[in-house]
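# Examination of the molecular architecture
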Amino acid sequence: MKFVDLHAEYLFYKEDIDKNLNEVIESGRYLLGPQLQKLEKSFAELVEKDIAVGVKNCTDAIMLVLKRVHKQNMPIVIPNFGAYPTAVACKNISDNIHYVDVDRTGTMDVSKLPDVRNGIVIPVHMFGNNCDMDGVMQYAKENNHIVVEDCAQSTGSGSGRRGEYSVFSFYPTKPLASMGDGGMICTNRHEGEYFRKVRFYGQSGDSVELVGINSRMDEFQSAIVNAKISRFKELIGVRREICKRYLEVSKGIDWRKDSVFHQFVVLVDSRDKYLKDLQKEEIPYMIHYPRHVSELESLGGFNGEVGYRFNDKCVSLPCHPFMEEDDIQKVEEFLWNHREYEV
């Protein structure tokens, strides 16, 4: 049993991937070419935004958006739990970070949002689970915040449509994935020209009009995502069916109905014993994530105290769309036999 099976995913899309990659090779155009232009158009349509601009990765996407909108001393509000790159991107821009507890969904607890104004709030849609965007948008309106949705783990869930900006990842294990790095900035604001310049040093023609960085999503990765974009929701459907079965024998975390189940996560007591039993059964697992970001010395900021300790109890189990039926049943049986561990 594999936790993920990227080779099986390649075989699922093989004909279209190989065709697109061959076109790139034959064209001799490897950067800022037709594959990226095609992807930007189709991705903007997918997330119902006016523009989409491809960049090297989602971390760059966050940094470039913050570079655009952040002003001196502006507070940035982010969850205190999740993948570290969100906090890393923010710390590259500012030290005025306010960390917020998550709840049992793994996403920002809107009842704990801080009393700060005139800043930026970054709801992170974790494990494929969308944030309470009604609560986030109301908070942003009341406190004059710009909303930047981090959709790195939630492509296909409907996320990314409500914030002024949204960012996405095509990292190889994501719901819609490349075979390397790739990211996307989406917005309804007419700022496509700015982001296309800033990802390419700030260059326009023979002039450098602003200080940018080198963050281009290349034609090979764009070609791979183009090969998948019309069918990736089929695989999300398979994931959902597997996780529906798991939830018949498990609590899991609190899942929202539109989740794409990037991971299937349970919260358990006596986690060391639980993990030893998984090892005995030869069921692969991961801990997403071992520590709260606000407790890492390099990332700690204002309001860094953790209330709800999601990291002490979380375990991620296999739920990818290429699992064999015997493996699905094995995980189901384990969940049923260990249901008393769940909290």
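Right, let's walk through the structure included here. As the structure is a computational prediction, the values presented were derived from the model and not from experiment.

Among the nonpolar cores identified, the biggest contains 65 residues, and Ile122 and Tyr274 are the most heavily contacted of them. In terms of residue count, helix α3 (residues 58-69) provides more of this core than any other element does, seven residues in total. Those residues in contact with Tyr274 that lie beyond four places of it in its chain are Val266, Val268, Val315, Leu317, Phe334, Leu335, His338 and Tyr341. Phe43, Phe168, Ala227 and Ile236 belong to the second-largest nonpolar core, a separate cluster that totals 29 residues.

Going from His288 to Tyr289, the amide bond is cis rather than trans, its omega being 15°. Residue placement: Tyr289 occurs in the loop between α9 (271-280) and β11 (314-317). In the Ramachandran plot, Asn73 falls in the positive-phi region, its phi being about 70° despite a non-glycine side chain. By secondary structure assignment, the location of Asn73 is in the loop between α3 and β2 (76-79). Asn73 gets classed as exposed once you look at its relative accessible area, which sits at 62%. Residue Ser270 is not a glycine yet carries a positive backbone phi of 50°.

A few words now on the pairing of β11. Here β11 shows two buried faces, one formed by Cys314 and Ser316 and the other by Val315 and Leu317. Examined bridge by bridge, strand β10 (residues 264-267) and β11 share four bridges and lie antiparallel to one another. Its bridge partner being in β11, Val266 is matched across the sheet by Val315.

Rules of the game
Residues numbered from 1 in each chain as written. Predicted model: local features only at pLDDT ≥ 70, side-chain atom pairs only at ≥ 80, totals over all residues. Heavy atoms only, no water. Core = buried A, V, L, I, M, F, W, Y, C linked by side-chain atoms within 4.5 Å. Buried < 20%, exposed > 50% of the residue type's maximum accessible area, 1.4 Å probe, protein only. Helix = DSSP H or I, 4+ residues; strand = E, 2+ residues; numbered from the N terminus. Contact = heavy atoms within 4.5 Å. Pairing = 2+ DSSP bridges.

Keep in mind these values describe shape, not function.
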